[in-house]
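Each chain, letter by letter, is given below.
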Amino acid sequence: MAIIVNIDIMLARRKMSSGELAAKVGITPANLSILKTGKARAIRFTTLEALCRALDCQPGDILEYREDSH
Amino acid sequence: MKRNTKNLLIAVTAIVGIICIVNAVWLIVQSGSVAGWFTDYRNIVYGDGAAENGSKIVWRNDVLGWQYFIFYGRLLFGIAFDALLLLFMIKSILALKSGAFFLKSNTYILISAAVCNLLYNFCNENIRILIYDTYKNITDAMLLTPLILFAFSLIYGLAVRVSEENRLTI
């Protein structure tokens, strides 16, 4: 998929664990894992807002567009 | 899912299960009676005209292949259809526990059930070939339920896709 989710990078920058982020955002660790591994089909604005608040960042820091090579 | 709907689904599954099991046993008794495998129940259970005159199967060389297909097909496809319906209902109930009600594997079960039903209907419609007939009929009635089942399986497939999209929306 052309949209890359950079949650791992932001977690490393903020020195935060996945479990901690999931608890702060209010989603299950399983759903956070779906998001991190790029398996998610869509993300709700409310989830994005909660992620930005928890990681103290902008949506652009979490989501990135990269053109597909094929 | 609401508790009432869940209980209703369980009740419907129980009814479908009973009907399927009774129907499968019925098919075995019917077929076994006409083929002379065991105790003769022809006059009670074979209502489709095949044993109206009280005859057992008359194996004839000119239509022997068709006779085998009609006889064993009716038995096997009928039982397979019952089993697939029961499997569909049981899997649906078990899926309720995991929260993912629409399962992709159920779509294949429904398509298989539609095919089994079509073949069963064909065999059932042409059952007279076991006794005296030689004609093979294809009627609109035998296509109706399989087509409805097939349409339902396509709709179910769409529901599976929508449900997956919903599950993967975080």
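What counts as what
Here the residue numbering is sequential within each chain, running from 1 through the sequence in written order. As a convention, the first chain written is A and the first ligand written is 1, with the rest following in written order. Since the coordinates come from a predicted model, pLDDT governs what is reported: local features require at least 70, and pairs of side-chain atoms require 80 or more to be given and counted, while whole-chain, interface and lining totals use all residues. Working from all heavy atoms in the structure, the side-chain values ignore hydrogens and water. Helix and strand definitions follow DSSP, with helices as H or I runs of at least four residues and strands as E runs of at least two, each counted in order from the N terminus. Put simply, the radius of gyration uses C-alpha atoms, and a globule should come to 2.2 Å times the residue count raised to 0.38. Partly exposed describes any residue whose relative accessible area lies between the buried limit of under 20% and the exposed limit of over 50%, with all areas from a 1.4 Å probe on protein chains only and scaled to the type maximum. Residues count as neighbours in contact if any of their non-hydrogen atoms are within 4.5 Å of one another. What sets the accessible areas is the Shrake-Rupley method with a 1.4 Å probe; for residues, cover comes only from the shown protein chains. To pair, rings of Phe, Tyr and Trp, with the six-membered ring standing in for Trp, must have centres within 6.5 Å; the planes then decide the type, stacked if under 30 degrees apart, edge-to-face if over 60, and tilted in the middle. In short, buried area is how much 1.4 Å probe accessible area vanishes from two parts on joining, totalled over both. Salt bridge criterion: a side-chain nitrogen from Lys or Arg within 4 Å of a carboxyl oxygen from Asp or Glu.

*Asks:* Please clarify how the overall build of chain A should be interpreted in this entry.
*Replies:* Summing up its helical and strand segments, chain A has 5 helices and 2 strands in all. Shown N-terminal to C-terminal, the secondary structure of chain A runs as helices and strands in the order β-α-α-α-α-α-β. The C-alpha atoms of chain A give a radius of gyration of 12 Å, which matches the 11 Å a tight globule of 70 residues would have. Once the C-alpha set of chain A is aligned to its principal axes, its extents read approximately 35 × 20 × 20 Å. Sorting the 70 residues of chain A into buried and exposed places 33% on the buried side. Here the contacts in chain A between residues at least 6 apart in sequence split such that 64% fall between residues at least 24 apart. In the structure as shown, chain A presents an accessible area of about 4600 Å², 53% of it carried by carbon and sulfur atoms.

*Asks:* Would you take a moment to explain the packing of aromatic side chains for this structure?
*Replies:* The description of two aromatic rings rests on the distance between their centres and on the angle between their planes. All names here are of chain B. What the rule picks out here adds up to 12 aromatic pairs over all chains. Look at Trp59 and Tyr68: their rings are 5.1 Å apart centre to centre, the planes differ by 35°, and that puts the pair in the tilted class. By relative accessible area, which is 41% here, Tyr68 ends up partly exposed. Following the ring pairs from residue to residue traces out a cluster consisting of Phe88, Phe101, Phe102, Phe152 and Tyr156.

*Asks:* For this particular structure, what's the right way to read the interface of chain A and chain B?
*Replies:* Interfaces are often sized by the amount of accessible area the parts lose when they come together. Contact residues are listed per partner, giving 11 residues for chain A and 6 residues for chain B. Taken together, both faces of the contact between chain A and chain B bury some 810 Å²; the carbon and sulfur share is 53%. Summed over the three residues of chain A that lose the most area to chain B, namely Arg41(A), Ala42(A) and Arg44(A), the buried surface amounts to 64% of that side. There are 2 salt bridges connecting chain A and chain B.

*Asks:* Explain the pattern of salt bridges here, please?
*Replies:* Where charged atoms from two side chains of opposite charge approach closely, those side chains can pair. Residues and elements named next belong to chain A. Taken as a whole and assessed by the stated rule, the structure comprises 5 salt bridges over all chains. A salt bridge links Lys36 to Asp8; the shortest N-O distance between them is 3.5 Å. Note that Lys36 is positioned in helix α3 (residues 29-36) and Asp8 in helix α1 (residues 7-14), a separation of 28 residues in sequence. Exposure remark for Lys36: the relative accessible area of 24% places this residue in the partly exposed category. By relative accessible area, Asp8 is classed as partly exposed at 45%.

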